[in-house]
Amino acid sequence: MYVVPKYPRPQGEASAHDRPSSPPRGSGFPDIAPWIAQIRSAIRDDRAAALSQALARSRAAGDFDTPGFFPEERSDRYARRLIWREPDASFVIVAMTWMPGQYSPLHDHDGLWGAEIVVAGAMCETSFRLADVAEGTRYRFVAESERVSEAGALGVVIPPLEYHDFGNQGSRTAHTVHVYAGDLTNCHAFDATGDGWWNARNVTLGYDA
Ligand SMILES: [Fe+2]
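In what follows, the accompanying structure is described. (Residues numbered from 1 in each chain as written. Predicted model: local features only at pLDDT ≥ 70, side-chain atom pairs only at ≥ 80, totals over all residues.)

Looking now at helix H2 (residues 48-60). The end-to-end C-alpha distance of H2, which contains 13 residues, comes to 18 Å, matching closely the 18 Å that a straight helix rising 1.5 Å per residue would cover. Within H2, burial applies to Leu 51, Ala 54, Leu 55, Ser 58 and Arg 59. All buried residues of H2 project into a common sector of 135° when viewed along the axis, lining one side. Relative to its buried face, H2 has exposed residues pointing more than 90 degrees away, namely Ala 49 and Ala 60. On its buried side, H2 packs onto helix H1 (33-44), strand S4 (114-120), strand S7 (154-157) and strand S9 (174-180). (Helix = DSSP H or I, 4+ residues; strand = E, 2+ residues; numbered from the N terminus. Expected span 1.5 Å × (residues − 1). Buried ≥ 20, exposed ≤ 12 C-beta atoms within 10 Å, placed from the backbone. Arc of directions from axis to C-beta. Contact = placed C-beta atoms within 7 Å.)

Now for the pairing of strand S11 (residues 197-204). The pairing of strand S6 (residues 138-150) with S11 spans three bridges and is classified as antiparallel. Paired with Arg 138 across the two strands is Asn 199, which belongs to S11. Hairpin connection of strand S10 (residues 186-192) to S11: four residues between the antiparallel strands, including Gly 194 at a positive phi of 90°. (Pairing = 2+ DSSP bridges.)

Here the focus is the environment of Ile 93. Inspection of the secondary structure assignment puts Ile 93 in strand S2 (residues 92-98). Residue classification places Ile 93 among the buried residues on the basis of 22 C-beta atoms within 10 Å. In this structure, the C-alpha to C-alpha distance between Ile 93 and Asp 183, residues 90 residues apart in sequence, is 9.4 Å. In contact with Ile 93, other than residues within four places in its own chain, are Ile 39, Ile 83, Trp 84, Val 177 and Val 179.

Further remarks concern the pairing of strand S1 (residues 79-85). In terms of burial, S1 is a largely internal element, seven of the seven residues being buried. Two elements, S1 and S2, share six bridges in a ladder whose sense is antiparallel. By the bridge assignment, Arg 85 is partnered in S2 with Val 92. Two successive antiparallel strands, S1 and S2, enclose a turn made up of six residues, where Ala 89 displays a positive phi of approximately 60°.

Before going further, it helps to examine unusual backbone geometry. Geometrically, the link from Pro 159 to Pro 160 is a cis peptide bond, its omega value of 10° lying close to zero. Looking at the element boundaries, Pro 160 is found in the loop between S7 and strand S8 (163-168). In this model, Asp 110 sits at a positive phi of 55°, which is unusual for a non-glycine residue. Among the residues examined, Asp 110 registers 20 C-beta atoms within 10 Å and is labelled buried.

This next bit is on H1. Taking 1.5 Å as the rise per residue, H1 with twelve residues should run 16 Å; its terminal C-alpha atoms sit 16 Å apart, in good agreement. Buried within H1 we find Trp 35, Ile 39, Ala 42 and Ile 43. Along the axis of H1, the buried positions cluster into a sector of 100°, meaning they face one direction only. Turned more than 90 degrees from where H1 packs its buried face, Ala 33, Ala 37 and Arg 44 sit exposed. Looking at the packing, one finds that the buried side of H1 touches H2, S2 and S9.

Ranked by internal contacts, the top residues of the largest apolar core, which has 50 residues, are Ile 39, Leu 51, Val 92, Ile 93 and Val 179. With six residues, the single largest contributor to this core is S2. Those residues in contact with Val 179 that lie beyond four places of it in its chain are Ile 39, Leu 51, Leu 55, Phe 91, Ile 93, Gly 114 and Ala 115. (Core = buried A, V, L, I, M, F, W, Y, C linked by C-beta atoms within 7 Å.)

With their axes 8 Å apart at the nearest point, H1 and H2 run at an angle of 170° to one another. Classified by the angle between their axes, H1 and H2 sit roughly antiparallel to one another. Judged by the sense of rotation from one axis to the other, the crossing of H1 with H2 is left-handed. Of the residues in H2, those in contact with Trp 35, Gln 38, Ile 39, Ser 41, Ala 42 and Ile 43 of H1 are Ala 50, Leu 51, Ala 54, Arg 57 and Ser 58. Counted by class, the contact of H1 with H2 contains seven nonpolar, three polar and one charged residues. (Axes fitted to C-alpha atoms, helices over the stretch in contact; angles between N-to-C directions. Parallel < 35°, antiparallel > 145°, perpendicular 65-115°, else oblique. Left-handed = near helix turned anticlockwise from the far one by under 90°. Nonpolar A, V, L, I, M, F, W, Y, C, P; charged D, E, K, R; others polar.)

What follows is the structure, given as structure tokens:
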């Protein structure tokens, strides 16, 4: 899933800690309290299956269909909106909008587990297994699987199986919802060096309005 732009925060963009724990109420957002409670329960029980079920139920109930739930498209990268940050930072819920061809690079999730659901569009995910680390910043990965996920598809990231790239390979805009079991503010992105190895870089994750 989950996790996650994996892009440096544009100058002037609000950081995760500048935003409230809940989205603005009123037009544009459904009553999220019921499904927040389901997600909270799954996180506290450390149960990926329950978290996935909560996301599936929310999609089926139309919780993600409210106009304005997902961020506006961005032409420079995919967009991320913080929907909810639990006050004790035990989890965050993030809505993402992906234009055709927008991908995250290979990345980790800072050791956090989580789950994601495709709400609309067709997403492609390649999962990698970490095979070696050298010099602290050089990583070697082995691609383990690739899959195309359409609306309704669920995915989980559970360390140490937390390395993947993720993107929209369809011809129309895609929407996804991600839950991470912590306040995912930083991660590593990995740049291929062409010799079977990747260079790691630290990435600070920001949110779009
Ligand atoms: Fe991810």
